[in-house]
Amino acid sequence: MKNILLLTDFSNASKNAIHYAIKILEKQEINFHLVYIHKASAFVSADLMSNATENLYANIIKSPKDDLEDFANQLKSVYKNSNHKFLQHIDYDVFTDAVNQLVELQSIDLIVMGTNGVTGADEVVFGSNTLNVIRKVVCPTLIIPENYEFIKPKQVLIPLDEKDQLSNKRLRYILDIVNKDEAIYHILRITDSDNNTCQDSDTKTLKQLFTTSDYVYHNITNVPMHHVVDTYLQTNDIDFEVFIIQKLSFLERLFSGSPITKHSKIASVPLFILHD
């Protein structure tokens, strides 16, 4: 049975991501860990020094605990899926510290969270919590845009640079979410020269899990990753993306030398993050 961490702040974005995860994984046996993380700094000193102990307890602990329990009961009632169990956790810590602790303690296989996407003049593609999870938590992470309506993925994009390894293990991570019989996989191997030493290895790995009708493979040379991804998204009806994150920042690799607003579509479809 898999353990999946569902991060929520009770916003529409986080709830939408949770509903997406439950739907796309409906046939699998899963322990869903509903998690609410509250920063202690959110409470002013007057709250902490209050003599009204019961009010303090209600504000800091009881209210989110009740909200989380109500939300879990709503999910159980809506989906009535015997394959799924819902456990609730509340933590008061630095956001990524709390997530890392839960990943280790609960043997988490996947993190699911929502994002608000591009927000006006600020040109923010991902919220700060989402970015911090991408950068600081080494666990497969599925990011769902706010208001994204669930459909089973049909076109999956996997861009790779010269350092990314297309391994059997990584492909199986993806296939655990997106059934290979229901989607076409678009693999883009992006290299700095025509001497692509990865192509033979890629082809061998792909043939172990796919038939030739399950995927398309493109080798692109001497074009920055952000240009390749942006162009491909504009010319293909992609509805699910996969990125492998190396030690070098994800944003540096994808957005280097280009205004983030050009890549707003990055935040418009589900994004699955795997770490090197």
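Residues numbered from 1 in each chain as written. Predicted model: local features only at pLDDT ≥ 70, side-chain atom pairs only at ≥ 80, totals over all residues. Heavy atoms only, no water.

### Focus on the packing of aromatic side chains
1) Next: All told, the structure shown has seven aromatic pairs when counted by the stated rule.
2) Next: Centre to centre, the rings of Phe32 and Phe86 are 5.4 Å apart; their planes meet at 20°, and the pair counts as stacked. With Phe32 in strand E2 (residues 30–37) and Phe86 in strand E3 (residues 84–91), this residue pair connects regions lying 54 residues apart in the sequence. With respect to class, Phe32 is no different from Phe86; both count as buried.
3) Next: With a centroid separation of 6.5 Å and an interplanar angle of 50°, the aromatic rings of Phe240 and Phe272 are classed as tilted. (Phe/Tyr/Trp six-rings, centres within 6.5 Å; stacked < 30°, edge-to-face > 60°. Helix = DSSP H or I, 4+ residues; strand = E, 2+ residues; numbered from the N terminus. Buried < 20%, exposed > 50% of the residue type's maximum accessible area, 1.4 Å probe, protein only.)

### Focus on the sheet that holds E3
1) Next: The strand order E3-E2-E1-E4-E5-E10-E9-E6-E7-E8 describes an open sheet built from ten strands, whose pairing is mixed. Each edge of the open sheet carries a strand with a single partner, namely E3 and strand E8 (215–221). The mean angle between the axes of side-by-side strands here comes to 20°, regardless of whether they run parallel or antiparallel.
2) Next: Examined bridge by bridge, strand E9 (residues 240–245) and strand E10 (residues 271–275) share five bridges and lie parallel to one another. Residue pairing for E10: Phe243 is matched across the bridge by Ile273.
3) Next: With respect to the sheet, helix H5 (residues 128–136) is in contact with strand E4 (110–115), strand E5 (141–145), E9 and E10, its orientation differing from that of E4 by roughly 150°. (Pairing = 2+ DSSP bridges. Axes fitted to C-alpha atoms, helices over the stretch in contact; angles between N-to-C directions. Contact = heavy atoms within 4.5 Å.)

### Some details on helix H7 (residues 199–209)
1) Next: Three or more residues of H7 are buried, namely Asp202, Thr205, Leu206 and Leu209. Within H7, the buried residues cover an arc of 100° as seen down the axis, which keeps them to one side. The exposed set on the far side of H7, more than 90 degrees from its buried face, consists of Asp200, Lys204 and Lys207.
2) Next: Buried residues along H7 sit in contact with helix H6 (168–175), strand E7 (184–191) and E8. (Arc of directions from axis to C-beta.)

### Some details on the packing of H6 against H7
1) Next: Direction vectors running N to C along H6 and H7 enclose 45°, while the axes themselves pass 10 Å from each other. When the axes of H6 and H7 are compared, the pair comes out oblique. Crossing hand, H6 versus H7: right-handed. Listed contacts from H7 to Asn168, Leu171, Arg172 and Leu175 of H6 are Thr205, Leu206, Gln208 and Leu209.
2) Next: A per-class count over the contact of H6 with H7 returns four nonpolar, three polar and one charged. (Parallel < 35°, antiparallel > 145°, perpendicular 65-115°, else oblique. Left-handed = near helix turned anticlockwise from the far one by under 90°. Nonpolar A, V, L, I, M, F, W, Y, C, P; charged D, E, K, R; others polar.)

### Quick word on the environment of Gln28
1) Next: Note that Gln28 resides in the loop between helix H1 (12–24) and E2.
2) Next: As a C-alpha pair, Gln28 and Asn81 span 53 residues in sequence and 9.9 Å in three-dimensional space.
3) Next: Contacts of Gln28, omitting those with residues within four sequence positions, involve Lys2, Asn83, His84 and Asp176.

### A closer look at the side chain of His33
1) Next: Relative to the helices and strands, His33 is located in strand E2.
2) Next: Note on His33: relative accessible area 3%, which makes it buried.
3) Next: In contact with His33, other than residues within four places in its own chain, are Asn3, Ile4, Leu5, Leu6, Leu87, His89, Gln106 and Ile108.

### Quick word on the environment of Glu182
1) Next: Inspection of the secondary structure puts Glu182 in the loop between H6 and E7.
2) Next: Here the alpha-carbon distance between Glu182 and Lys154, two residues 28 residues apart in the chain, equals 6.2 Å.
3) Next: Other than its neighbours up to four places away in sequence, Glu182 contacts Lys152, Pro153 and Lys154.

### Looking at the layout of surface pockets
Empty pockets left among the atoms are what a rolling probe the size of a water molecule brings to light.
1) Next: Quantified by volume, the second largest pocket comes out at close to 230 Å³.
2) Next: What lines the second largest pocket is a set of 14 residues, and nearest its centre among them are Ile24, Lys27, Ile177, Asn179 and Glu182.
3) Next: A per-class count over the lining of the second largest pocket returns six nonpolar, two polar and six charged. (1 Å grid on protein atoms, 1.4 Å probe; cavity = no way out; pocket = protein on both sides within 12 Å on 5 of 7 lines; lining within 4 Å. Points joined across faces, edges and corners; volume = space filled by probe spheres on them.)

### Quick look at the pairing of strand E1 (residues 2–7)
1) Next: Across the six residues of E1, five count as buried, placing the element largely inside the fold.
2) Next: As judged from the six bridges shared by E1 and E2, these two strands associate in the parallel manner. Along E2, the bridge assignment pairs Asn3 with Asn31.
3) Next: Since E1 and E2 lie parallel, the crossover through H1 that links them has a hand, and here it is right-handed. (Right-handed = clockwise from strand over helix to strand, strands pointing away.)

### Regarding the pattern of salt bridges
1) Next: Tallying each qualifying case throughout the model produces three salt bridges.
2) Next: One salt bridge in this structure joins Asp176 and Lys2, with 3.4 Å as the shortest N-O distance. Residue Asp176 is located in the loop between H6 and E7, and its partner Lys2 is located in strand E1; the two are separated by 174 residues in the primary sequence.
3) Next: Judged by relative accessible area, Asp176 falls into the partly exposed class, the value being 37%.
4) Next: The class for Lys2 is partly exposed, based on a relative accessible area of 23%.
5) Next: A salt bridge links Asp202 to Arg189; the shortest N-O distance between them is 2.9 Å. (Salt bridge = Lys/Arg side-chain N within 4 Å of Asp/Glu carboxyl O.)

So yeah, pure geometry; function would need other evidence.
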